[in-house]
Amino acid sequence: MMLVRPNGVVRIPQAATQSSALRRWAALAGFLTLATLLATTVDARAAPCADWPAYAPAAHRNGQSLTDLIWSPYGAPEKGWTVYAPLVSHTLGTSCAPNTPGFAWAL
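Novice: Please clarify how the packing of aromatic side chains should be interpreted in this entry.
Specialist: Given two aromatic rings, one states the distance between the centres and the angle between the planes to describe the pair. One pass over the structure, following the stated rule, counts five aromatic pairs. With a centroid separation of 6.3 Å and an interplanar angle of 80 degrees, the aromatic rings of W52 and Y55 are classed as edge-to-face. By relative accessible area, W52 is classed as partly exposed at 22%. Note on W71 and Y84: the rings are 5.5 Å apart at their centroids and 80 degrees apart in plane angle, and the pair reads as edge-to-face. In this pair, W71 sits in strand β3 (residues 70-74) while Y84 sits in the loop between β4 (76-79) and α3 (85-92), placing the two residues 13 residues apart along the sequence. The exposure class assigned to W71 is partly exposed, which follows from its relative accessible area of 29%.

Parameters and conventions
Residues numbered from 1 in each chain as written. Predicted model: local features only at pLDDT ≥ 70, side-chain atom pairs only at ≥ 80, totals over all residues. Heavy atoms only, no water. Phe/Tyr/Trp six-rings, centres within 6.5 Å; stacked < 30°, edge-to-face > 60°. Buried < 20%, exposed > 50% of the residue type's maximum accessible area, 1.4 Å probe, protein only. Helix = DSSP H or I, 4+ residues; strand = E, 2+ residues; numbered from the N terminus.

That is the geometry; function is a separate question.
Structure (structure tokens):
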């Protein structure tokens, strides 16, 4: 809450500032808790890279697109996404190669 005095000076009561800061800290704590839960859930469900036979067709397509996909992520056309594979693997939290069912499952 802000108070505007007749002379134009804006005053923010200290109690309002503290409660706002407290809300921000509570939101941050909630976000970090949720992020930790999600990260441990993904690790707990991780399995060997070949243990997902239902994802074999997707794994095959991922393997083909690794070198053949024509796309323009930054404007200029690029062929394949091999250079991005380590970043995608890290983001997904998997150590599986991009052409495996485990990677397709994580994706």
